Amino acid sequence: MGLWSFVKPTANRHPVLACLLMSALALAVSGCGGGSDNADTIPPVATPPVVTPPAPTPPEETPPPEETPPAGELPEPALETAPSADVKPLPKPGGPSLPPPPTELRLSAAYDKSAAAPAVIAPSASSSGDENGNNTADKAIDGDLTSRWESAWGDDVADADSAWLQFDFGAKTAIGYIKLYWENAYAEEYAIYISDDAENWYQLRYIAGAQGGTEEFFNLNIDARYVRLQGIKRHTQYGYSLFEVEFKAPGSDNSMPLLDTSYVPYPLSGSGRQPLPAPAEPVESVRFTLADGTLVTRFGMVGRSRHARERGEEWNEIGFGLNETIDAQGNPADKGPGAHLNFIANYFKNRTWGVEFIDNSNVAGVTAPRIIVNQYYQQAQKGGGHSFVRRFDEPNVTGFGWMSPGDLLDDSTYLSDGAPCPVVQKPANAVLLNPNSGYNGVIGANDGCSVVFDTYPGHRALSTNADGVLVPNGNNVAARVLKKGDVIEFTGSFFSTREAMDAIGDNGAFRYYTNELTYVMGQGLRPWYGVQPRLMNEPLPDSTLQGGLGSVSYDYADNASFIFQQPHNNIGMQNIQRFMEGRRWLHTNLWSGEHNEDGNDRNDAGRYLQGPRFNQSSCFNCHISNGRSVAPTVINQRLDTMAIRVGATGTDTNGNYLPHPIYGQAVQMNARSATTGAVQNWGNAAVVAGFTSKNVQLADGTVVELRKPEIAFEGPTPEVYSVRSAQPLIGMGLLEAIDDETILARVRTSPDADGVLGTANYAYDPETGGVRLGRYGWKAGKVSLRHQVANAALLDMSVTSSIYPNRDCLAGAAHCDAASGTEPGLPDEALQLMTEYLHLLAVPAQRSLVSGYPKGVSPMAYLDVEPAKIAQGEQVFKAIRCNACHVSEVQTSARSAFDEVRNQTIRPYTDMLLHDMGEELADNFAEGLAGGNMWRTPALWGIGYTKYVAAGTPVGYLHDSRARTLTEAILWHGGEAEVIKNRFVNLATEEREALLAFLGSL
């Protein structure tokens, strides 16, 4: 079939819809171009001004005349909203902060809490001021739920937010429980103070983001005369209003029991080390070559809401439509993100499919190569939906639009009603489904729904006009046969029907867009970026591919908050479904089963798995958008998105601590009722008590403040503890694919000239008991992704698994086996899917190239780069020897189960080893061979995206997120990095800024 010429866009919001539907007819979907909401407003381009056009050359073939195809009738894909990380509000900046209670106000360890707690009556109550003579302080303890205390809030009250209500028990009194009955005028933020003399007060609990209603406080364990409720922030304009306050003594129903602790084993050394198992064949082949040289590439796709170049603002070339990327003064403008990298509703349910390219351009003697395209859906589809080659010759095509859809082998699969393309079973690894047959003479084609692409389309030649815009100059470039090395953009679409979706029991949408990929004839898929004209796709050079061939392409949809959530660019067509199902589990609340993104079915298999005390209920709530946890930024902030590892005094022969007798191996700061599921406050939180700081002066006179959070515990302070932030999840499968020997080859027995050593850590595999090389965690204490997932589920979310079958595992190894009892936890299938998801989670490509934005269009901040400065910064990075630990290039092995991560050249900027980072970064908490001052080198890939991924959530750097900037992070380095850190201090301003630009590009 021949190619159709440019078709003017219709007045639809996304005229490309009709054109994608028409791809079955081999139409030129250039008519889908334009970046305007109202395509009728796009000016014509028949006679654009041209500056010095080349001499006209008669074309070998003139594109056919313009024709108007029929419009499609499938509905537009739904625009899905971005998920919420569900981060609780931070405390009020500058709010009051008091020290925790001293020992004399804590309950004696000898106090008998074996019986249920009796009520305790407060003899008297007073306040900072009552609003009137009826609603007085004593009404809060009169036993009447119809009377209430109301704090003063009138115009004559200077600071109504700081009102307080105080209770006097007459003498030191043991208190274990408080219950508050709020009226609608409740405190959003408040503190509970205690005192023995009503002069010296101590902070027992601090509550931010309260919801009012009935609030309970357990496990108080205090022995004091006075208790005060100190208001910080009102929910309404009225005063605080409490119906009643009840107290109980400590007892078995409100106090935490002591744990029967035992040591968690760590090996003394790597003696007897066993490497991780290495399957001979991957679970799915993503690229292979047939005997005759035919290249077969298989990849997975998922439904998307919009196209890859549709950002939140309309953008067009100068003189060719609306450009909302700049304001009236020419400054960058941002109206919000697009919707290309986010995830559609029920993305895990029948919304992925596989695509197969059969490319014969490497076959000897082939002079007119072609690509045969087969697609493998989970439900019947309408034919068509493929498009190749960006419509680069048309200035109206900015956000979307393609030039050639290829040749659908049976046009009736598009033209007929319904969804005539049946489900085709996915082929086995390394073989074609139809190696010796095909459809209508096309060997390898599955059926009439397959497409052949064999012609690089004819198009209009371009020259710059007076505005510097590349526009048609009146000449044409003839269509030609494909050749090796041709760069092809490919996109597909999901064209099902209501009836076909209903037939598989799916009541969701039946029309989606999908990813846009770059394919190089004879080579395969490549991550891409946009070049002139109009962000035309171009393969990224190898030097930018931090995550190998699976690196995430540049994002032109302003979806940076999703950049850490993408599968490998070359993910397999079956692995894409594994990825999406695993993602669902990471986004599942493991108590309610609800997904953190709207519109997704509840995960019933994920309900009620969580224990009564935990930090967060989903992985995503600590790893914000798959990135870092919330950094300590304000006093009184709860650190429940971070991990607080704890231990008791005394170690075993391997230097391992006993778990803490109350907390176990980690502090779990949130709680709910084991019977009703209602949220409760058990007082286990670690909070920011303050900050200590010091100044460092750089060689050019710049003064940098280094700030470290001080931590306080609502409960007893552990003898040893370590504050650890959640790390980005990207690239973890690539790191597991590095073989042991590659990592161990960098271990040194004596320091180099700069003092850099490098030590491996080892840990027991909890499933086999074998000693393995440590790879994950801040001290390399986890041996595999499976180990990491199961351990985080237990310690951070109080969720068991077949690896940790009961919550006694929190107290050590003695009862951590199925013989000691099992509790409902992650099904093995879920643990496997979560692990597979992390194996397949991709790393963004380095942003070191200038994108070919149209004239007048403002680039997004994270793509607005200076290549020369970045290149200079990379040289500085090497010159001062940051790469002594942050190793820039590593080769993965073939030991992974996933083809996507096998034999890849990656740039993680880590050696995976432990290093002494000096006393200022030490936490005095040991794990195996990792002493308190030793930390595993964190990977730097993706670090420049930190603030964009966080999208306003405060995040930081280093193990406890103390560093607010990369400069601060570097200046905290000591120990083995002291010499290198000092070189950074002494850099010239230009060199330092170049180094930071380089890090920002990663």
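Up top is the structure.
Being a predicted model, the structure only gives us computed values, none of them experimental.

Engineer: So what exactly am I meant to see when it comes to the overall build of the chain here?
Structural biologist: The helix and strand tally for the chain stands at 13 helices and 45 strands. Counting only C-alpha atoms and orienting by the principal axes, one finds that the chain spans roughly 100 × 70 × 65 Å. Taking the intrachain contacts of the chain between residues at least 6 apart in sequence as the baseline, contacts between residues at least 24 apart amount to 74%. For the chain, the exposed surface amounts to about 36300 Å²; the carbon and sulfur share of it is 51%. Here the chain holds 76 positive side-chain charges and 114 negative ones, and the gap between their average locations is 3 Å.

Engineer: I would appreciate a short explanation of the packing of aromatic side chains in the present structure.
Structural biologist: A ring pair, where both rings are aromatic, is described by two values, the distance of the centres and the angle of the planes. Within this structure, the stated rule accounts for 36 aromatic pairs. Ring centres of Tyr 190 and Phe 217 lie 6.4 Å apart, and the angle between their planes is 85°; on these two criteria the pair is classed as edge-to-face. Of this pair, Tyr 190 sits in strand E6 (residues 187–195) while Phe 217 sits in strand E8 (residues 214–217), and the two are 27 residues apart along the sequence. Under the relative-accessibility criterion, Tyr 190 is labelled buried at 1%. The exposure class assigned to Phe 217 is buried, which follows from its relative accessible area of 1%. Seen in terms of ring centroids, Tyr 657 and Phe 925 are 5.1 Å apart; in terms of plane orientation they differ by 40°. Their pairing is tilted.

Engineer: Would you explain the nonpolar core in this entry?
Structural biologist: Phe 357, Phe 388, Tyr 556, Leu 826 and Leu 838 are the most contacted members of the largest nonpolar core, which has 114 residues in total. Broken down by element, this core gets its largest block of residues, 7 residues, from helix H7 (residues 785–797). The residues contacting Tyr 556, other than those within four sequence positions of it, are Ala 308, Arg 309, Glu 310, Arg 311, Trp 528, Tyr 529, Gly 530, Leu 535, Ser 851, Tyr 853, Met 860 and Leu 863.

Engineer: Looking at this structure, I do not really get empty space enclosed by the protein. What am I missing?
Structural biologist: Where empty space is left can be seen by rolling a probe of water-molecule size over the atoms. The full count for this structure, using the stated rule, is 6 cavities of 30 Å³ or more. Reported here for the second largest cavity is a volume of approximately 270 Å³. Around the second largest cavity, the lining comprises 20 residues; the ones closest to its centre are Leu 341, Asn 515, Val 552, Ser 553 and Asn 569. In terms of residue class, the lining of the second largest cavity is made up of 10 nonpolar, 7 polar and 3 charged.

Engineer: Help me understand the pairing of strand E9 (residues 222–234), please; the structure alone is not making it clear to me.
Structural biologist: Regular strands place their side chains on alternate faces of the sheet. As defined by bridge partners, strand E4 (residues 164–175) adjoins E9 across 8 bridges and the pair is classed as antiparallel. Each residue of the ladder has a partner; that of Ala 174, found in E9, is Asp 223.

Engineer: What is the right way to look at the sheet that holds strand E11 (residues 287–289) in this model?
Structural biologist: Each strand in a sheet pairs with another by means of backbone hydrogen bonds, the pair being arranged parallel or else antiparallel. Strand order across the open sheet formed by 6 strands is E11-E12-E13-E14-E20-E17, with antiparallel pairing between neighbours. Only two strands of the sheet have a single partner each, and these edge strands are E11 and strand E17 (407–408). Pairing analysis gives 6 bridges linking strand E13 (residues 352–359) to strand E14 (residues 371–376), with the strands arranged antiparallel. Among the inter-strand pairings, Asp 359 is bridged to a residue of E14, identified as Ile 371. Along the sheet face, helix H4 (residues 575–586) touches strand E12 (295–302) and E13 and points at about 155° away from the line of E13.

Engineer: How should I be thinking about the state of the cysteines in this particular structure?
Structural biologist: What we call a disulfide is simply a covalent bond connecting the sulfur atoms of a pair of cysteines. Under the definition given, this model contains 2 disulfides. Between the sulfur atoms of Cys 421 and its disulfide mate Cys 449 the distance is 1.9 Å. Because the torsion about its S-S bond is -100°, the bridge between Cys 421 and Cys 449 counts as left-handed. Note that Cys 421 is positioned in the loop between helix H2 (412–415) and strand E18 (438–439) and Cys 449 in the loop between strand E19 (442–443) and strand E20 (451–453), a separation of 28 residues in sequence. Note on Cys 421: relative accessible area 7%, which makes it buried. With its sulfur 2.0 Å from that of its partner, Cys 809 forms a disulfide with Cys 816. Of note, the bridge from Cys 809 to Cys 816 carries an S-S torsion of about 90° and is right-handed in sense. Overall, the relative accessible area of 21% leaves Cys 816 in the partly exposed class.

Engineer: Please clarify how the packing of helix H9 (residues 867–879) against helix H13 (residues 989–1001) should be interpreted in this entry.
Structural biologist: Geometry of a packed helix pair, given as the angle between the helix axes and the separation of the axes. Closest axis-to-axis distance for the H9/H13 pair is 7 Å, and the angle between their directions is 100°. With respect to H13, the element H9 is oriented roughly perpendicular. Facing Lys 869, Ile 870, Gln 872, Gly 873, Glu 874, Val 876 and Phe 877 of H9, the residues of H13 in contact are Glu 990, Glu 991, Glu 993, Ala 994, Leu 995, Ala 997, Phe 998, Leu 999 and Ser 1001. Class assignment of the residues belonging to the contact of H9 with H13 gives a composition of 8 nonpolar, 3 polar and 5 charged.

Rules and cut-offs
- Chains are numbered independently. Their residues run from 1 in the order of the written sequence.
- Residue-level local features of this predicted model are given only where pLDDT is at least 70; pairs of side-chain atoms are given and counted only at 80 or more, and the full residue set underlies all totals for whole chains, interfaces and linings.
- Heavy atoms throughout the structure, all of them, feed into the side-chain values; hydrogens and water do not.
- Every helix listed is a DSSP run of H or I at least four residues long, and every strand listed is a run of E at least two residues long, numbered separately from the N terminus.
- The contact definition used throughout considers only heavy atoms, calling two residues in contact when any of these lie within 4.5 Å.
- Every accessible area reported is derived by Shrake-Rupley at a probe size of 1.4 Å, with residue values counting cover from the shown protein chains alone.
- Charge assignment: positive for Lys and Arg, negative for Asp and Glu; neither His nor the chain ends contribute.
- Taken as the charge centre is NZ of Lys, CZ of Arg, CG of Asp or CD of Glu, depending on the residue.
- For this analysis, a ring pair means two rings from Phe, Tyr or Trp (six-membered ring only for Trp) whose centres lie within 6.5 Å, classed as stacked if their planes differ by under 30 degrees, edge-to-face if by over 60, and tilted for the remaining angles.
- Buried residues are those whose accessible area, probed at 1.4 Å on protein chains only, stays under 20% of the maximum for their type, while exposed residues exceed 50% and partly exposed ones sit between those limits.
- Buried Ala, Val, Leu, Ile, Met, Phe, Trp, Tyr and Cys residues form a nonpolar core when they are joined through side-chain atoms within 4.5 Å.
- Here a cavity means grid points, on a 1 Å grid over the protein atoms only, where a 1.4 Å probe fits yet cannot get out; a pocket means an open set of points with protein on both sides within 12 Å along at least five of seven lines; lining residues are those with an atom within 4 Å of a point.
- Grid points are joined across faces, edges and corners, and a volume is the space filled by probe spheres set on the points.
- Under the scheme applied, nonpolar residues are Ala, Val, Leu, Ile, Met, Phe, Trp, Tyr, Cys and Pro; charged residues are Asp, Glu, Lys and Arg; polar residues are all the others, including Gly.
- Here the rule is simple: two strands pair whenever DSSP picks up at least two bridges between them.
- For helices, the axis comes from a line fit to the C-alpha atoms of the stretch in contact; other axes are also lines fit to C-alpha atoms, and the angle between any two N-to-C directions lies between 0 and 180 degrees.
- When two cysteine sulfur atoms lie within 2.5 Å, the pair is treated as a disulfide.
- For classification, angles of less than 35 degrees are called roughly parallel, those exceeding 145 degrees roughly antiparallel, those between 65 and 115 degrees roughly perpendicular, and all remaining angles oblique.

Everything listed here is a matter of geometry and, on its own, says nothing about what the molecule does.
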